[in-house]
Protein chains: 4
Amino acid sequence: MQRKVLIIDCADAPGLITKITGVCFSNGLNIIKNSEFVDNAQGRFFMRTELEGETFSTSLLAELQAVLPQKNRTRLVDAGKKRVVIMVTKEAHCLGDILIKSYSGALDVEIAAVIGNHQVLQPLVEKFDIPFHYVSHQDLNRSEHEAMILERIAEYAPDYIVLAKFMRVLTPEFVIQYPSQIINIHHSFLPAFIGAAPYKQAWERGVKIIGATAHFVTNSLDEGPIIKQDVIPVDHSYSADELARCGRDVEKSVLSKALHLVINEDVIVYGNKTVVF
Amino acid sequence: MQRKVLIIDCADAPGLITKITGVCFSNGLNIIKNSEFVDNAQGRFFMRTELEGETFSTSLLAELQAVLPQKNRTRLVDAGKKRVVIMVTKEAHCLGDILIKSYSGALDVEIAAVIGNHQVLQPLVEKFDIPFHYVSHQDLNRSEHEAMILERIAEYAPDYIVLAKFMRVLTPEFVIQYPSQIINIHHSFLPAFIGAAPYKQAWERGVKIIGATAHFVTNSLDEGPIIKQDVIPVDHSYSADELARCGRDVEKSVLSKALHLVINEDVIVYGNKTVVF
Amino acid sequence: MQRKVLIIDCADAPGLITKITGVCFSNGLNIIKNSEFVDNAQGRFFMRTELEGETFSTSLLAELQAVLPQKNRTRLVDAGKKRVVIMVTKEAHCLGDILIKSYSGALDVEIAAVIGNHQVLQPLVEKFDIPFHYVSHQDLNRSEHEAMILERIAEYAPDYIVLAKFMRVLTPEFVIQYPSQIINIHHSFLPAFIGAAPYKQAWERGVKIIGATAHFVTNSLDEGPIIKQDVIPVDHSYSADELARCGRDVEKSVLSKALHLVINEDVIVYGNKTVVF
Amino acid sequence: MQRKVLIIDCADAPGLITKITGVCFSNGLNIIKNSEFVDNAQGRFFMRTELEGETFSTSLLAELQAVLPQKNRTRLVDAGKKRVVIMVTKEAHCLGDILIKSYSGALDVEIAAVIGNHQVLQPLVEKFDIPFHYVSHQDLNRSEHEAMILERIAEYAPDYIVLAKFMRVLTPEFVIQYPSQIINIHHSFLPAFIGAAPYKQAWERGVKIIGATAHFVTNSLDEGPIIKQDVIPVDHSYSADELARCGRDVEKSVLSKALHLVINEDVIVYGNKTVVF
């Protein structure tokens, strides 16, 4: 028996579920799990269906197209195991969490390579027999540096690029190469404290809660579709450094949870938002 | 346009979604929101579908029966507005929260009457022009007392009975009259601290979190299907009284959230569990 | 035996705790609970001490001044029971929660009066035999309207003014009359979504968590010292209206918790922040 | 300048804070951070004071004894860096999290050695150049096995022993060797689901929240003083395996947080409880 996940994103219309599940049924496919969502404000229909069957007919997608509204985005994908390249700077917490979870099987991810603009994390990565590429930005302008990184990434043909505390802003030229494939962890409960030094900002503002946000990267810094957010309570006794220490714990936890959702094909991006089934 | 919610609970079988949604579609009904769940361990299928249409044919349920496995439990219900009788003893927090939420429209509930085995909450209830019935248990044995309460309840024909800190255990003879219709708030994060004085137990155990549980009442005390649970962090500095004060806040919040789910027809009971869509 | 709370806010200096507790001890006062905090970044010392004794000498504060750095802010206050005036517009949830908690003793507050710029909440307030003053802003400019409200408030000499969803911005001239005495509930997890329609903003941004913030009001809108914040998880399936419904639950809960802290004299304001013991 | 933490646990008495801080002040020690707690129900006083000074006089503890009630437990310790031995069986998540946090400096712990009754985690441990000792329980009775483990532990003279999913129950003879020094992570929100297979129990009970508990080990299984607890929401759609997967995330997070508190000398054990400052 094979399993696949059918993802549909199209204009809403009457009878869609009947038609879609009818095609699946007539193909001898059993529905293991099914989720739908209609954004009534935008008249848009989303569906994620886990299917099981002896074989998946090569005509399945064509049969579905015949019953779906035009301009639909329909995909038949495998949940689980994704190939990623991780980009880092100097901080170990997010990278370390992914390394351990990948090693222990808690996160179904193949880390093809890690790229760093500093070298400090190389020894950690190599403990796990994963290639580390040091691509310094020194003496390079931004587009030269990005070109070198893109070249490295291309060798590995990853499903996703994970920015695990990569502390440089990517240009639109970079981002456009991997639409909805670059996942960033933002050290803040977006949209609060956009930009640099969020824990210092949080400390100055005297907030009682801090958080982190995992999101897809788009051209606008800190503005891509949010996948996952979480927070922890803090109080007046936390210095900016202690806020940062606690923040790192939330960051790594939120990033891992977001990756789990993405790997499992639970996330559909639309506009600047996500549906997370 | 009318709206109804179709609730189905049956043995799992291939093609159920297609068949069910096909019947809806051929009846001219539009699916506003759809949720399914299959308990693979037990081979059981659950579905909740919000339908909209000009009319709902009287033959709809019969048409569905024709495509469903036998022994299914299928209901066509109205989400929203339910009629409840609330039972109380002396504590105001859960009752007060429901009164205010009902008054302000935050909870779509008609409070038909409140029954108390003490009189202290009568003035509060009467502020809201709701009948309060004082049914003391003094000089009565348990079955005599319950008989008097049941008689009162019967007058109002409620959809649900809410035990808003009613501090007496109901007998199986009482409970059987209203299967899956009696909702209790238990002053503990079940299954911890079953029974009396849970906050004292929690204090003695030195726990760092306390919680509350809203559940349907079955014959076994504290053992019915759980609808909603929530917790709050506490620490060593809380006395048993302060734990109780914080606990009351969680209790009322959990009970209101459970009621909201039940009113909205989001909850399906099966065995000793719930599916909460 | 009497109980008082000593609140000290001064420049940090060596030996402060010894000196302060020494004065208390030599006055025959027993320390029931003691909390200190030093903001090392600003060299500032904060202390909150619950004291118990047969009598509190009239010279106690003078004796403390003799051992404290100059320009200290030292107060001897009673924890518990505070007198408040509540200001509202049309929404019942925060007001209702405070009314019920005051009625049941869960919040140690005397609601001297409620002032509304609309009349819709008058019947609710009067159920609890509390005066409601309708002060419409129609045909008045802002300063005329505020003058009428201030006149009403002055009659009651409240300890605090609670803005329980009062939907108008107060002028600096108003705020300056009650420094660190006006408590607002902001319908957002500040500093995200400052300003109007935060739930619509949150929906558009596709956030996965929403929250609320209780803070003292200062001249800058949405910028006063934060007392309490809390959040709840949400997802793509929430409409802007459903976000608002859930948000109201967080709002009332956060406001009540903030009031409990303020009433208990657990909060010290300094700069644009709070110490919350 | 040196820093030390003074920990005091004694009968409550008037003037304790003045006397204790007086001794500190007369020794030229500055108080960086101070926390007290009185358990009024038991008449017991707890204090944790971070002190800074040029030198710490050898007579400091004797001077303190002169002002404290008899039978006090007074310690002058260093916050930070502790030496631990970790005991494991087969699961990598808790061990992996501690390894990474130790490596990156997020947890101020020296992992002297890891002892496993299975060999599967040896390669992971050795990546970090930490000795792994495989001490199988096969063909040994319990006391023989424990004797071999105790011998290994003794070589390293650890401050604490961390049971990072060590799946065997320790005998009282073992535990008594390291009183309040053995920290366990229990795969449940104690006191719910005591004993084996808690996630299966949780699934059968249909709970809506699962959690984990870090506690010191005493003679009674699952009954030692709780250091830290945390929970996550779950729903009907989680299988027992998925509950376990989410549970592992809470387990590792709770264990790391508990270790951080213990390392920082924030935890005082008394009776079967803890004070966590």
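Keep in mind it's a predicted model, so treat the numbers as computed, not measured. (Residues numbered from 1 in each chain as written. Chains lettered and ligands numbered in written order. Predicted model: local features only at pLDDT ≥ 70, side-chain atom pairs only at ≥ 80, totals over all residues. Heavy atoms only, no water.)

### Overview of the relation of the copies chain C and chain A
Here's step 1: For the pair chain C and chain A, the best superposition has an RMSD of 0.0 Å and corresponds to a rotation of 180° with a translation of 0.0 Å parallel to the axis. Such a combination of rotation and displacement between the chain copies is what one expects of a two-fold axis. Distance from the rotation axis, computed per C-alpha, reaches its smallest value in chain C at Ala192 of chain C: 2.2 Å.
Here's step 2: In this assembly, 100% of the residues forming the interface of chain C have copies in chain A that are likewise at the interface, indicating an isologous arrangement. (Least-squares fit on C-alpha atoms with pLDDT ≥ 70 in both. Contact = heavy atoms within 4.5 Å.)

### Here we look at the domain arrangement of chain A
All names here are of chain A.
Here's step 1: For chain A, the assigned domains are domain 1 (2–77) and domain 2 (82–276).
Here's step 2: A straight line from the C-alpha centre of domain 1 to that of domain 2 covers 32 Å.
Here's step 3: Listed as interface residues are 14 residues of domain 1 and, on the opposing side, 8 residues of domain 2.
Here's step 4: Taking both partners together, domain 1 and domain 2 bury about 820 Å²; carbon and sulfur atoms supply 56% of that area.
Here's step 5: In this structure, the connection of domain 1 to domain 2 is made through 2 salt bridges. (Domains from an automatic or database assignment. Buried area = accessible area lost by both parts, 1.4 Å probe. Salt bridge = Lys/Arg side-chain N within 4 Å of Asp/Glu carboxyl O.)

### Observations concerning the interface of chain A and chain D
Here's step 1: At the junction of the two partners, chain A supplies 17 residues and chain D supplies 17 residues.
Here's step 2: When the two sides are added together, the surface that chain A and chain D hide from each other amounts to roughly 1,600 Å², 58% of it contributed by carbon and sulfur.
Here's step 3: When the area that chain A buries against chain D is broken down by residue, the three leading residues are Ile100, Tyr103 and Lys127 of chain A, summing to 33%.
Here's step 4: At the junction of chain A with chain D, the criterion picks out 4 salt bridges.

### Looking at the packing of helix α7 (residues 198–205) of chain B against helix α8 (residues 240–263) of chain B
Geometrically, a packed helix pair is captured by the angle between its two axes and the distance between the axes.
All names here are of chain B.
Here's step 1: Remark: α7 packs on α8, axes separated minimally by 9 Å, with the N-to-C direction vectors making an angle of 125°. It follows from the interaxial angle that α7 and α8 lie oblique. Relative to α8, α7 is oriented so that their crossing is right-handed. Only Ala240, Leu243, Ala244, Gly247, Arg248 and Glu251 of α8 make contact with α7, whose side of the interface consists of Tyr199, Lys200, Ala202 and Trp203.
Here's step 2: Along the lines of polarity and charge, the residues of the contact of α7 with α8 split into 6 nonpolar, 1 polar and 3 charged. (Axes fitted to C-alpha atoms, helices over the stretch in contact; angles between N-to-C directions. Helix = DSSP H or I, 4+ residues; strand = E, 2+ residues; numbered from the N terminus. Parallel < 35°, antiparallel > 145°, perpendicular 65-115°, else oblique. Left-handed = near helix turned anticlockwise from the far one by under 90°. Nonpolar A, V, L, I, M, F, W, Y, C, P; charged D, E, K, R; others polar.)

### Considerations on the interface of chain C and chain A
Here's step 1: With 33 residues of chain C at the interface, the matching set in chain A holds 33 residues.
Here's step 2: Across the chain C/chain A interface, buried area totals approximately 2,700 Å², and carbon plus sulfur atoms make up 63% of it.
Here's step 3: Run the count over chain C and chain A and you get 2 salt bridges.
Here's step 4: Among the ionic pairs, Arg205 of chain A bridges to Glu223 of chain C, the shortest N-O distance being 3.6 Å.
Here's step 5: Where chain C touches chain A, the interface holds 10 residue pairs in polar contact (both at pLDDT 80 or more).
Here's step 6: Elements with a minimum of two residues in the side of chain C that touches chain A: β2 (30–39), α7 (198–205), β11 (226–233) and β13 (273–276) of chain C.
Here's step 7: If one sorts the elements of the side of chain C that touches chain A by residue count, β11 of chain C sits on top with 6 residues. (Polar contact = N/O pair within 3.5 Å; in protein donor to acceptor, adjacent residues only side chain to side chain.)

### Observations regarding the nonpolar core
Here's step 1: In this structure, Ile86 of chain A, Ile86 of chain B, Ile86 of chain C together with Ile86 of chain D are the most contacted members of the largest nonpolar core, which totals 182 residues.
Here's step 2: With sequence-adjacent residues up to four places away left out, Ile86 of chain B is seen in contact with Leu95, Ile98, Ile111, Ala113, Val114, Ile115, Val162 and Ala164 of chain B. (Core = buried A, V, L, I, M, F, W, Y, C linked by side-chain atoms within 4.5 Å. Buried < 20%, exposed > 50% of the residue type's maximum accessible area, 1.4 Å probe, protein only.)

### Thoughts on the UniProt feature "domain: ACT" (unreviewed entry) in chain A
Here's step 1: When the UniProt feature table is mapped onto this chain numbering, "domain: ACT" (unreviewed entry) sits at residues 5–87 of chain A.
Here's step 2: Each end of residues 5–87 of chain A is marked by a C-alpha atom, and these two atoms are 28 Å apart; helix forms 23% of the span and strand 46%. (UniProt positions renumbered as here; feature names shortened; annotations may be inferred.)

### Focus: the sheet that holds strand β7 (residues 132–134) of chain B
All names here are of chain B.
Here's step 1: The sheet built from 7 strands is open, its strands ordered β7-β6-β5-β8-β9-β10-β11 with mixed pairing. The open sheet is flanked by β7 and β11 (226–233), the only strands paired with a single partner. The mean angle between the axes of side-by-side strands here comes to 20°, regardless of whether they run parallel or antiparallel.
Here's step 2: Note: strand β6 (residues 109–116) against β7, 3 bridges, orientation parallel. Bridge assignment links Gly116 to a residue of β7, and that residue is Tyr134.
Here's step 3: Against the sheet, helix α3 (residues 93–104) engages β5 (82–88), β6, β8 (160–163) and β9 (182–186), with an angle of about 150° to β6.
Here's step 4: Against the sheet, α8 touches β5, β6, β8, β9, β10 (209–216) and β11, its axis set at about 150° to β11. (Pairing = 2+ DSSP bridges.)

### Description of unusual backbone geometry
Here's step 1: Of note in this structure, Lys71 of chain A is not a glycine but carries a positive phi near 60°.
Here's step 2: Position of Lys71 of chain A among the secondary structure elements: in the loop between α2 (60–67) and β4 (73–77).
Here's step 3: Here Lys71 of chain A falls in the exposed class, since its relative accessible area comes to 81%.
Here's step 4: At Asp129 of chain C, a residue that is not glycine, the phi angle is positive and equals roughly 55°.
Here's step 5: Mapped onto the elements of the fold, Asp129 of chain C is located in the loop between α4 (122–127) and β7 (132–134).

### Things to note about the packing of α3 of chain B against α8 of chain B
Residues and elements named next belong to chain B.
Here's step 1: Contact pair α3 / α8: the axes reach a minimum separation of 9 Å and the direction vectors enclose 45°. It follows that α3 is oblique to α8 by the angle criterion. Two packed elements cross with a definite hand, and for α3 against α8 that hand is right-handed. When α3 is examined against α8, the residues His93, Cys94, Asp97, Ile98 and Lys101 are found in contact with a partner set consisting of Arg248, Glu251, Lys252, Leu255, Ser256 and Leu259.
Here's step 2: Its residues assigned to classes, the contact of α3 with α8 comprises 4 nonpolar, 2 polar and 5 charged.

### So, the relation of the copies chain A and chain D
Here's step 1: Overlay of chain A on chain D (RMSD 0.0 Å): rotation 180°, translation along the axis 0.0 Å.
Here's step 2: Interface overlap between copies: 100% of the residues of chain A at the interface are likewise at the interface in chain D, consistent with a symmetric, same-surface contact.

### Overview of the UniProt feature "active site" (unreviewed entry) in chain A
Here's step 1: UniProt annotation of "active site" (unreviewed entry) refers to Asp222 of chain A when read in the numbering used here.
Here's step 2: The residue Asp222 of chain A is located in the loop between β10 (209–216) and β11 (226–233) in this model.
Here's step 3: Residues contacting Asp222 of chain A, with those up to four places away along its chain left out, are His186, Leu190, Ile194, Gly195 and His215 of chain A together with Arg205 of chain C.

### Let's talk about the pattern of salt bridges
Where charged atoms from two side chains of opposite charge come close, those side chains can pair.
Here's step 1: Overall, the coordinates contain 74 salt bridges over all chains when judged by the stated rule.
Here's step 2: Between Glu52 of chain A and Arg3 of chain A there is a salt bridge, with its nearest N and O atoms 3.2 Å apart. Within this pair, whereas Glu52 of chain A is found in strand β3 (residues 44–53), its partner Arg3 of chain A is found in strand β1 (residues 2–11), the two being separated by 49 residues in sequence.
Here's step 3: Given a relative accessible area of 18%, Glu52 of chain A falls into the buried group.
Here's step 4: The exposure class of Arg3 of chain A is partly exposed, given its relative accessible area of 46%.
Here's step 5: Between Lys257 of chain C and Asp230 of chain C there is a salt bridge; the shortest N-O distance is 3.9 Å. One end of the pair, Lys257 of chain C, is in helix α8 (residues 240–263); the other, Asp230 of chain C, is in strand β11, with 27 residues separating them in the sequence.
Here's step 6: We classify Lys257 of chain C as partly exposed; its relative accessible area is 25%.

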